[in-house]
Amino acid sequence: RKEVEQDPGPFNVPEGATVAFNCTYSNSASQSFFWYRQDCRKEPKLLMSVYSSGNEDGRFTAQLNRASQYISLLIRDSKLSDSATYLCVSLRAGSYQLTFGKGTKLSVIP
Amino acid sequence: GAGVSQSPSNKVTEKGKDVELRCDPISGHTALYWYRQRLGQGLEFLIYFQGNSAPDKSGLPSDRFSAERTGESVSTLTIQRTQQEDSAVYLCASSLAATGVGEQYFGPGTRLTVT
């Protein structure tokens with residue numbers, strides 16, 4: 001079983017829609033979580049960190065459920081520019097090795 | 001300010017040849033990481049450098065792979081006797097010390113094709 005699993009998609013949504021991605025992790029020692037965004041043939045870029053209490057950054061909301069070992073990312077009012085692959089990332093306590101999921105591809109359609 | 005830079009951006013090489021990939025981290029970032037991303041796959045950790053500490057080489061897939069870093073600056077990843085399965089994008093990232101490990105800044109990568 002992969003340490004971080006994501007639905008690969010693609011998720012094809014119209015502009016303005018709300019879309020949610022889930023990610024599950026198998027290692028209970030995972031302490032910190034992040035969402036990265038990767039545009040086609042580009043490098044990953046940090047989108048947001050995920051805090052235990054959940055956090056929001058504009059149209060993006062991330063939540064963590066430690067009991068069920070999943071992380072979610074909600075995107076409201078989708079824009080064409082949100083089209084990308086979203087990578088779920090975990091970090092074990094005391095480690096510096098990020099573990100990346102394979103990503104979920106989002107296409108926002110006009 | 002300048003981001004992480006990598007060179008070359010693309011490299012095509014014949015099976016069995018050696019290749020050297022270069023990474024220039026963001027100035028002041030003491031932590032540097034190398035990853036590999038095969039087509040359709042997630043990023044695989046290769047190696048980690050932090051300041052003058054011994055690097056963590058636990059992710060290197062074989063002894064054909066090696067990496068060096070000069071102080072807190074440039075790093076080179078060397079692949080000897082390349083194989084077709086080495087074809088991938090090799091990404092370098094840097095961060096502010098070990099506490100910033102979750103917030104990594106990636107370079108544009110080197111796309112390696114072994115024919």
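Provided above is the structure to which this section pertains.
First, a word on what this report is: a plain description of the structure on this page. Remember, it's a predicted structure, so these values are computed and weren't measured experimentally. (Residues numbered from 1 in each chain as written. Chains lettered and ligands numbered in written order. Predicted model: local features only at pLDDT ≥ 70, side-chain atom pairs only at ≥ 80, totals over all residues. Heavy atoms only, no water.)

**Observations concerning the interface of chain A and chain B**
Argument step 1. Opposite the 17 residues of chain A that make contact, chain B presents 20 residues.
Argument step 2. When the two sides are added together, the surface that chain A and chain B hide from each other amounts to roughly 1600 Å², 57% of it contributed by carbon and sulfur.
Argument step 3. For the pair chain A and chain B, the interface holds zero salt bridges.
Argument step 4. Scanning the region where chain A abuts chain B turns up seven residue pairs in polar contact (both at pLDDT 80 or more).
Argument step 5. Mapped onto the side of chain A that touches chain B, the elements with two or more residues apiece are β4 (30-38), β5 (44-50), β9 (84-92) and β10 (98-100) of chain A.
Argument step 6. Its residues assigned to classes, the side of chain A that touches chain B comprises nine nonpolar, five polar and three charged. (Contact = heavy atoms within 4.5 Å. Buried area = accessible area lost by both parts, 1.4 Å probe. Salt bridge = Lys/Arg side-chain N within 4 Å of Asp/Glu carboxyl O. Polar contact = N/O pair within 3.5 Å; in protein donor to acceptor, adjacent residues only side chain to side chain. Helix = DSSP H or I, 4+ residues; strand = E, 2+ residues; numbered from the N terminus. Nonpolar A, V, L, I, M, F, W, Y, C, P; charged D, E, K, R; others polar.)

**A look at the sheet that holds strand β8 (residues 70-75) of chain A**
Residue and element names in this part refer to chain A.
Argument step 1. Across the sheet, five strands lie side by side as β1-β3-β8-β7-β6; this open sheet has antiparallel pairing. Among the strands making up the open sheet, the edge pair consists of β1 (4-6) and β6 (55-57). Each neighbouring strand pair of the sheet contributes to a mean axis angle of 20°, computed without reference to strand direction.
Argument step 2. The sheet contact formed by strand β7 (residues 60-65) and β8 spans six bridges and is antiparallel. Each bridged residue has a counterpart across the sheet, and for Ala 62 the counterpart in β8 is Leu 73. (Pairing = 2+ DSSP bridges. Axes fitted to C-alpha atoms, helices over the stretch in contact; angles between N-to-C directions.)

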